[in-house]
Amino acid sequence: MTANSFLEYFLVLFGWMLNNALWNILISTGLFALPLVFKVLGIWLKVREEGADEGNKGVLALPRVEHALYVSFCVMLFCCIPLLPVDISTIKFDTSRAKQCGVSVPTPQNSGYKGLVNDFDGKTAEVPVWWYLLHMISKGITQAMIASIPCGDQLRQMRFDVQNTKIRDPIVLQEVQDFADQCYSRSYFKLKNSNSQLSDATINSVGWIGSSYFLNTSGYYDYYTSTSPRSQWPYDNARDSGYPDVGKGGYPTCKQWWSDGTNGLKARVLANMDESTKAELQRKFSKDQWEEMALRWLVSPRNVGLSGSGETYATGSSDVGSGLAFNVTRLVSTIGVGIKQAEALPGFDALKQALPMIQALLEMMIIIVIPVLMMFSAYEPKTVVTISFALFALIFITFWWELAGWLDDRMITILYDSMSAQGISNSSVPFAEFTSSTADGWIMNLVLGMMYVVFPMFWVGMLGWIGVNVGDVAKSLSQGGKMPQEAGEKGGKLAKDAATSAATKGIK
């Protein structure tokens, strides 16, 4: 047995442990046999309702009861009675897709779920034969289909990881706000007042405090300095003349303050990033690209506000922003509450994280209640088929999410590459605008909602309908023994009537 998510890794085992406990309760109390009693009683009552010309009531009832009991016992043997042992070491966390796409994924034992996995170490569950085979077949088909999808860049996952990074150090957080006030605001004010018109390249570069234009153009970050002493830099008479030496450090230029080795604000802000997120960015982008992508979000007013309980380095408004994503957000908010809600409703970055968890929980729920469902249905084959289709549909949803993720990557790449080529992006780095954006536009979200939510819902609905209809066929097959019996009874009745009629005519 295999699992595709950390939660599924132990929830499947936990589900079968509870399934075994529920079946043992039904066995020990004798409730498992109650449906069989009602089924036999129903057959007996139906036989009593038939006319005297149908034949001996006992002869009619006996084969029907035998047939019903044989089918029920077969269903119990393959679908209810636990036979195949499974423990936490038997279930394998599937990493084939990660290896195919060159992604490093920790095992559940080395993840944050280690404590939960250890809770089940040494505990064993047993799985009925049919459900064990169904799990293996469903997972095999799903993984084979996923392997046929080209590997994507997981751009939305990357953005989720970056945007869940907060500046934890309050000193660095305060320093970001100081830098924006003492360096960025002054440089931005000088730029606006010394130019009558800005080029597209300049406009695209000066939208954030780590602007390459301000860093590399003379008269901006190399001219302005910190207005308060910084302990990381010693006092320099040549540079700091005009500032008092109060023994708390020097007054670095804005370029030094931002870029200097490990003391620079840039390096100390990037130190807040998780190593796995940083490694993923380094794998996909060059050093300059991934640093700008990450820094644009980390030092953005929105993230500084989230990190510092709502305080931002506003230069004139508490909701300052720039770029296409910001303008789209402001535009959408003016169109109407309905469209804004439609845009904000999906929350796909978080939804993508939650969907596999919901899938694992639903899988566990179905596994737990299988004994009760089988008992209430009186061990009908139709119920087995319906549950089988439901489990297969639920497991196969993983394929639809992988397909949606690949399509999502292609759409994002096309959109932001074209924005960069047309010069309408606020960054020279493709996807930097996407990484620092908190809204994608309501049209893209509607499309993503179709791929991530409606696709699986439609799939489960179709397969559920097919499962019910196939279950009806299975039910008719299980009742197939009645057909030749009834045909024989009717044939015997016709033969009897014909013989009686012939004898009557002969007498006459």
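Keep in mind it's a predicted model, so treat the numbers as computed, not measured.

**Q** How would you summarise the state of the cysteines if you had to cite specific residues and measurements?
**A** Under the criterion given, the structure shown has 1 disulfide. Residue pairing for Cys-183: its cysteine sulfur links by disulfide to Cys-254, the two sulfurs lying 2.0 Å apart. Across the S-S bond linking Cys-183 and Cys-254, the dihedral sits near -90 degrees, which makes this disulfide left-handed. In this pair, Cys-183 sits in helix H8 (residues 170-194) while Cys-254 sits in helix H12 (residues 254-259), placing the two residues 71 residues apart along the sequence.

**Q** Mind laying out the packing of aromatic side chains, listing which residues take part and the relevant values?
**A** Under the criterion given, the structure shown has 23 aromatic pairs. Where Tyr-184 meets Tyr-188, the ring centres are 5.7 Å apart and the plane angle is 35 degrees; that geometry is what we call tilted. Here Tyr-184 and its partner Tyr-188 are both found in helix H8, 4 residues apart, which amounts to about one turn of the helix. On the basis of relative accessibility, which here comes to 10%, the residue Tyr-184 falls in the buried class. Tyr-188 gets classed as partly exposed once you look at its relative accessible area, which sits at 31%. Taking 5.0 Å as the distance between ring centres and 40 degrees as the angle between the ring planes, the aromatic pair formed by Phe-396 and Trp-459 counts as tilted. Residue Phe-396 is located in helix H20 (residues 381-422), and its partner Trp-459 is located in helix H22 (residues 442-478); the two are separated by 63 residues in the primary sequence. Following the ring pairs from residue to residue traces out a cluster consisting of Phe-179, Tyr-184, Tyr-188, Trp-208, Tyr-213, Phe-214, Tyr-220, Tyr-221, Trp-257 and Trp-258.

**Q** Could you give an account of the UniProt feature "transmembrane region" (unreviewed entry) in the chain, naming the residues involved and the relevant values?
**A** Under the present numbering, the feature "transmembrane region" (unreviewed entry) in UniProt falls on residues 21-47, 68-86, 357-376, 383-401 and 442-468. Taken end to end, residues 21-47 is 85% helix and 0% strand, and its two terminal C-alpha atoms sit 38 Å from one another. Spanning residues 68-86, this segment combines 63% helix with 16% strand, and its end C-alpha atoms are found 31 Å apart.

**Q** Go over the environment of Leu-26 with me, naming the residues and quoting the values.
**A** Position of Leu-26 among the secondary structure elements: in helix H1 (residues 6-29). With a relative accessible area of 5%, Leu-26 lands in the buried category. Through-space distance from the C-alpha of Leu-26 to that of Met-375 is 8.9 Å; in sequence the pair is 349 residues apart. In this structure Leu-26 touches Leu-31, Phe-32, Pro-371 and Met-375, once residues within four positions along its chain are discounted.

**Q** Pulling in residues and values, what's your account of the pattern of salt bridges?
**A** Pairing between side chains of opposite charge can happen when the charged atoms of each approach one another. Applying the stated criterion across every chain, the model contains 11 salt bridges. Lys-139 is paired through a salt bridge with Glu-8; the nearest N and O atoms lie 2.7 Å apart. Here Glu-8 lies in helix H1 and Lys-139 lies in helix H6 (residues 129-147), a separation of 131 residues in the sequence. Arg-268 is paired through a salt bridge with Glu-175; the nearest N and O atoms lie 2.5 Å apart. Placement of Arg-268 in helix H13 (residues 265-270) and of Glu-175 in helix H8 is noted, with a sequence separation of 93 residues between them. Classification of Arg-268 by relative accessible area gives buried; the value is 17%. Each of Lys-266, Lys-287 and Glu-291 takes part in salt bridges that share partners, so that together they form one network.

Reading guide: rules and limits
Residues numbered from 1 in each chain as written. Predicted model: local features only at pLDDT ≥ 70, side-chain atom pairs only at ≥ 80, totals over all residues. Heavy atoms only, no water. Disulfide = S-S within 2.5 Å. Helix = DSSP H or I, 4+ residues; strand = E, 2+ residues; numbered from the N terminus. Phe/Tyr/Trp six-rings, centres within 6.5 Å; stacked < 30°, edge-to-face > 60°. Buried < 20%, exposed > 50% of the residue type's maximum accessible area, 1.4 Å probe, protein only. UniProt positions renumbered as here; feature names shortened; annotations may be inferred. Contact = heavy atoms within 4.5 Å. Salt bridge = Lys/Arg side-chain N within 4 Å of Asp/Glu carboxyl O.

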